[in-house]
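An overview of the molecular structure
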Amino acid sequence: FFICINPIGLLFMIAIHKQHKLILPYIISVFICILVDWLLISRGFGITGVALGTVAAWIFLAIANYYYVLKEYKMKFVSAARIYFVLFLPFLVLLLSVLLIEKLLLNIGTLLLTTSLQLVVFSIIMLPLLYYANARTSFFSSGFSILRRR
């Protein structure tokens, strides 16, 4: 998710010749990644700790990137907060649904049954988000129309 949204802010800053303002956030992001990785690995989280540390660094970098982009636009706080909310809403919905599914549907029988049920529940939870994304972008409608023509 963050790998997809971070280059947009970076490319904007490059286009207006202000990329030098992003050097510090990138350096801080590297240190966050190293520090959180080291802390979580030393506490026994292993590869999961590395993944969490990387996500923490990317979250910081996304917030910093868009902070500088919105600062260049001279946006008011309410408008900027709305943009952050819309930008991070899909990630939050995804994260909360995965955590909810992991807690509620842990072991319901065989691995195949558990995984199938988790996938169905995840799909149901994500339907409103997919509907909203399609209403805004017509992504799925366009894709289906292309497939129908063939």
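Residues numbered from 1 in each chain as written. Predicted model: local features only at pLDDT ≥ 70, side-chain atom pairs only at ≥ 80, totals over all residues. Heavy atoms only, no water.

1. Let's talk about the overall build of the protein
Within the protein, the secondary structure is distributed over six helices and zero strands. Listing each helix as α and each strand as β along the protein from the N terminus yields α-α-α-α-α-α. Whereas a compact globule of 150 residues would reach a radius of gyration of roughly 15 Å, the protein reaches 19 Å, over 25% beyond that. With the C-alpha coordinates aligned to their principal axes, the bounding extent of the protein is approximately 55 × 50 × 35 Å. By residue count, 23% of the 150 residues in the protein fall in the buried class. Across the protein, the fraction of contacts at a sequence separation of at least 24, relative to all contacts at a separation of at least 6, is 60%. As displayed, the protein offers around 11,000 Å² of accessible surface, 76% of which is attributable to carbon and sulfur atoms. (Helix = DSSP H or I, 4+ residues; strand = E, 2+ residues; numbered from the N terminus. Rg over C-alpha atoms; globule rule 2.2 N^0.38 Å. Buried < 20%, exposed > 50% of the residue type's maximum accessible area, 1.4 Å probe, protein only. Contact = heavy atoms within 4.5 Å. Areas by Shrake-Rupley, 256 points an atom, 1.4 Å probe, with all protein chains shown as cover.)

2. Some remarks on the packing of aromatic side chains
The tally for this structure, following the rule as stated, stands at one aromatic pair. On the numbers, 5.3 Å between centres and 75° between planes, the contact of Tyr67 with Tyr68 is edge-to-face. Overall, the relative accessible area of 45% leaves Tyr67 in the partly exposed class. (Phe/Tyr/Trp six-rings, centres within 6.5 Å; stacked < 30°, edge-to-face > 60°.)

3. So, the nonpolar core
For soluble globular proteins, the rule of thumb is that nonpolar side chains tend to be buried together. Among the nonpolar cores identified, the biggest contains eight residues, and these are Ile5, Ala62, Tyr66, Leu70, Ala80, Tyr84, Leu87 and Phe88. The biggest single contributor to this core is helix α4 (residues 77-104), with four residues. (Core = buried A, V, L, I, M, F, W, Y, C linked by side-chain atoms within 4.5 Å.)

4. Some points on the environment of Ala64
Within the fold, Ala64 resides in helix α3 (residues 47-73). With a relative accessible area of 8%, Ala64 lands in the buried category. When the C-alpha positions of Ala64 and Leu24 are compared, they lie 9.6 Å apart, and in sequence the two are 40 residues distant.

5. Focus on the environment of Ser29
Looking at the element boundaries, Ser29 is found in helix α2 (residues 23-42). By relative accessible area, Ser29 is classed as buried at 8%. Here Ser29 is in contact with Ala57, Phe60 and Leu61, once residues within four sequence places are set aside.

6. Describing the packing of α3 against α4
Where α3 contacts α4, the two axes come as close as 11 Å, and the packing angle between them is 150°. Our classification of the angle between α3 and α4 gives roughly antiparallel. For the pair α3 and α4, the sense of crossing is right-handed. Residues Val55, Ile59, Ala62, Ile63, Tyr66, Tyr67 and Leu70 of α3 touch α4, and the partners they reach there are Ala80, Ile83, Tyr84, Leu87, Phe88 and Phe91. Tallied by class, the residues present in the contact of α3 with α4 amount to 13 nonpolar, no polar and no charged. (Axes fitted to C-alpha atoms, helices over the stretch in contact; angles between N-to-C directions. Parallel < 35°, antiparallel > 145°, perpendicular 65-115°, else oblique. Left-handed = near helix turned anticlockwise from the far one by under 90°. Nonpolar A, V, L, I, M, F, W, Y, C, P; charged D, E, K, R; others polar.)

7. Brief notes about the confidence of the model for the protein
On average, residues of the protein carry a pLDDT of 82, and 96% of them reach 70 or more. At the low end of the mean pLDDT range in the protein sits helix α1 (residues 2-15), at 74; at the high end sits α2, at 92. (pLDDT = per-residue confidence, 0-100.)

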